[in-house]
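Per-entry structural report
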Amino acid sequence: MAVIKPFKGVRPPKDLVEKVASRPYDVLNSEEAREEAAGNPMSLYHIIKPEINFEPGTDEHDPKVYPEARRQFDLFQKNGWLVQDEKENYYVYAQTMNGKTQYGLCVGAYADDYENGVIKKHELTRADKEEDRMKHVRVNDANIEPVFFAYPHIDEIDQIVANVTAKTPEYDFVAPDDGFGHKLWVIDDEKTIARITEIFAKLPAFYIADGHHRSAAAALVGKERKNANPNHKGNEEYNYFLAVCFPDNQLTVIDYNRVVKDLNGLTEEQFLQALAQDFDVKEMGAEIYKPNKLHNFSLYLAGKWYSLTAKEGRYNDADPIGRLDVKVSSDLILDKILGIKDLRKDKRIDFVGGIRGLGELKRRVDNGEMKMALALYPVTMQQIIDIADSGNIMPPKATWFEPKLRSGLIIHKLI
């Protein structure tokens, strides 16, 4: 069962939150972070993208970058741009996108639950990315950015959150870069805190929605601290890491699409003929076509959009992995026709989050950068849960959650 605890959040004063808060470290490159942080020493990018504090072109993994993150974290606290709460609290974090709001609980998640399978994953992690995040956690003695969890919704938690959010929020702002709304409330009532902990103690599992590498890194650092402490008791703060937990029925999973540089030596006509072996192919014209159901795909090629519907018998709806459109498209198009075997390493393919719209696929083909684009129908939250429960792993680049968690609203110290 899930173990969570309240914690003494480190966060900006109310009047500084918009200056401190930032997008997550992994959704923009160093130069974009440098540009967004320009003229703002309070931007969290100075901590989560510390390479921007050096000359342009400095590698984000340069050994000197990690100590700079800690120097900046200390500076933020010294200057009062980040202040630790005096008591342990839970927090409610609300995000609003396109008129829809989702409400998450900010908690200390138990690191051992990652190891014992209570915190369930649906993606593989890469050792180099894990090590990068571990270095960042180690040097700061803190989880600077949260992990995004989902859980099967619980009516009583929904009611508690509704009661809390009926009050005036501590933070309330709209981010200028994406127009999404962000609010945060502090839960400091002891009875409410105890009840939340008690309810989640009956929850069989959390599901990582976004932040697999951050979860793995936090759990590994927790284990390091545990093994290095001869007086380890189990209640130390390093046993927990920062997570925002959202009920599954509030979340939106959007499409995660593909663009490919060439047709593997085929002409456009030969490629369409090869597709016809496994798909019903229908030309849709110059207007953008969006997939409208499972096993229906959208292809953009040579200025035209096509509807591709996988034929019966080409997929297995009884298999939680086999029924995924990322699997169907990988097997029948990317591998079988285009010869792309490894989505993680092949340089001929790139991935585009659906938040950018299908117009971004068209743009990248029309400008000659890519030869074709493939849009997929999004996976559902239930599919993610089913796969995680079965112990399986989704194919790479299968899920895209939006909105992303804003960084800098709340930080969790390990000491």
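Above: the structure in question.
Attention in this report is confined to the structure presented alongside it.

Parameters at a glance
- Every chain's residues receive numbers from 1 upward, in the order its sequence appears when written.
- This being a predicted model, a pLDDT of at least 70 is required before a residue's local features are given, and a value of 80 or more before pairs of side-chain atoms are given or counted; all residues contribute to the totals for chains, interfaces and linings.
- Side-chain metrics rest on all non-hydrogen atoms present in the structure, leaving aside hydrogens and water.
- Salt bridge, as applied in this entry: a Lys or Arg side-chain nitrogen positioned within 4 Å of an Asp or Glu carboxyl oxygen.
- The numbering of helices and of strands both runs from the N terminus, where a helix is a DSSP run of H or I of at least 4 residues and a strand a run of E of at least 2.
- Exposure categories follow from relative accessible area, calculated using a 1.4 Å probe and restricted to protein chains: below 20% of the type maximum is buried, above 50% is exposed, and the middle band is partly exposed.
- Planes of paired rings set the category: under 30 degrees apart is stacked, over 60 is edge-to-face and the rest tilted, where pairs are Phe, Tyr or Trp rings (Trp by its six-membered ring) whose centres lie within 6.5 Å.
- Think of it this way: DSSP has to see at least two bridges between two strands before they count as a pair.
- An axis is simply a line fitted to the C-alpha atoms; with a helix, the fit covers only the stretch in contact. Between two such axes, the angle follows the N-to-C directions and lies from 0 to 180 degrees.
- To sort the angles, those under 35 degrees are grouped as roughly parallel, those over 145 as roughly antiparallel, those from 65 to 115 as roughly perpendicular, and the leftovers as oblique.
- If you view the pair so one helix is near and one far, a crossing is left-handed when the near helix is turned anticlockwise from the far one by less than a right angle, and right-handed when it is turned clockwise.
- Any two residues whose heavy atoms approach within 4.5 Å at even a single point are treated as in contact.
- For this classification, Asp, Glu, Lys and Arg are treated as charged, while Ala, Val, Leu, Ile, Met, Phe, Trp, Tyr, Cys and Pro are nonpolar and the rest, including Gly, are polar.
- As used in this record, nonpolar core signifies buried Ala, Val, Leu, Ile, Met, Phe, Trp, Tyr and Cys residues forming a set joined through side-chain atoms within 4.5 Å.

Here the structure, examined in full by the defined rule, presents 40 salt bridges. Close ionic contact of R70 with D74 constitutes a salt bridge, the shortest N to O distance being 2.9 Å. Residue R70 and its partner D74 are located together in helix 4 (residues 65-78), separated by four residues, close to a single helical turn. For R70, a relative accessible area of 24% puts it in the partly exposed group. We classify D74 as partly exposed; its relative accessible area is 37%.

Take the packing of aromatic side chains next. If you walk through the whole model with that rule in mind, you get 14 aromatic pairs. Relative to F401, the ring of F148 lies with its centre 5.5 Å away and its plane at 55°, an arrangement referred to as tilted. Note that F148 is positioned in strand 8 (residues 147-151) and F401 in strand 20 (residues 400-401), a separation of 253 residues in sequence. Of the two residues, F148 and F401, neither departs from the other in class, the shared state being buried.

Take the sheet that holds strand 17 (residues 304-310) next. Read from one edge of the open sheet, six strands run 15-17-16-19-14-18, paired in antiparallel fashion. Each edge of the open sheet carries a strand with a single partner, namely strand 15 (279-285) and strand 18 (349-353). Taking each pair of neighbouring strands and ignoring which way they run, the sheet shows an average axis angle of 25°. With three bridges connecting them, strand 14 (residues 256-260) and strand 19 (residues 372-375) associate as antiparallel partners. Bridged to V260 within strand 19 is M372.

Our focus in this paragraph is the packing of helix 4 against helix 6 (residues 127-140). It is at 9 Å that the axes of helix 4 and helix 6 come closest, and there the two elements cross at 40°. Taken together, helix 4 and helix 6 sit at an angle that is classed as oblique. As helix 4 runs across helix 6, the sense of the crossing is right-handed. For the pair helix 4 and helix 6, the contacting residues are Y66, P67, A69, R70 and F73 in the first and D132, K135, H136, V139 and N140 in the second. Partitioned by chemical class, the residues of the contact of helix 4 with helix 6 number five nonpolar, two polar and three charged.

Quick look at helix 11 (residues 325-335) now. Taken across its 11 residues, helix 11 has eight buried, putting it largely inside the fold. Where helix 11 is concerned, the buried positions are D325, V326, V328, S329, S330, L332, I333 and L334.

On to the nonpolar core, then. With 64 residues, the main nonpolar core has F271, L275, L299, L308, L338 and M372 as its most contacted residues. Filtering out sequence-adjacent residues up to four positions away, M372 remains in contact with R258, V259, V260, L263, F271, L299, Y300, L301, L338 and V365. Formed by 35 residues, the second largest nonpolar core is a distinct cluster that contains A2, V118, A219 and A243.

Turning our eyes to something else, we now look at the pairing of strand 16 (residues 296-301). Across the six residues that make up strand 16, a large majority, six, are buried. Side chains of strand 16 alternate between two faces, with N296, S298 and Y300 and F297, L299 and L301 buried alike. As defined by bridge partners, strand 16 adjoins strand 17 across six bridges and the pair is classed as antiparallel. Bridging from a neighbouring strand, F297 pairs with L308 of strand 17.

Another point: the environment of L266. Within the fold, L266 resides in the loop between strand 14 and helix 10 (268-275). Taking relative accessible area as the criterion, L266 reaches 30% and is therefore assigned partly exposed. In this structure, the C-alpha to C-alpha distance between L266 and I157, residues 109 residues apart in sequence, is 55 Å.

Let us look at the environment of K304. The residue K304 is located in strand 17 in this model. In this structure, the C-alpha to C-alpha distance between K304 and R214, residues 90 residues apart in sequence, is 40 Å. Setting aside anything within four residues of it in sequence, one finds K304 in contact with E283, G285 and L299.

Within the element layout of this structure, D132 appears in helix 6. Residue classification places D132 among the buried positions, given a relative accessible area of 10%. Residues in contact with D132, not counting those within four places in the same chain, are Y25, H61 and Y66.

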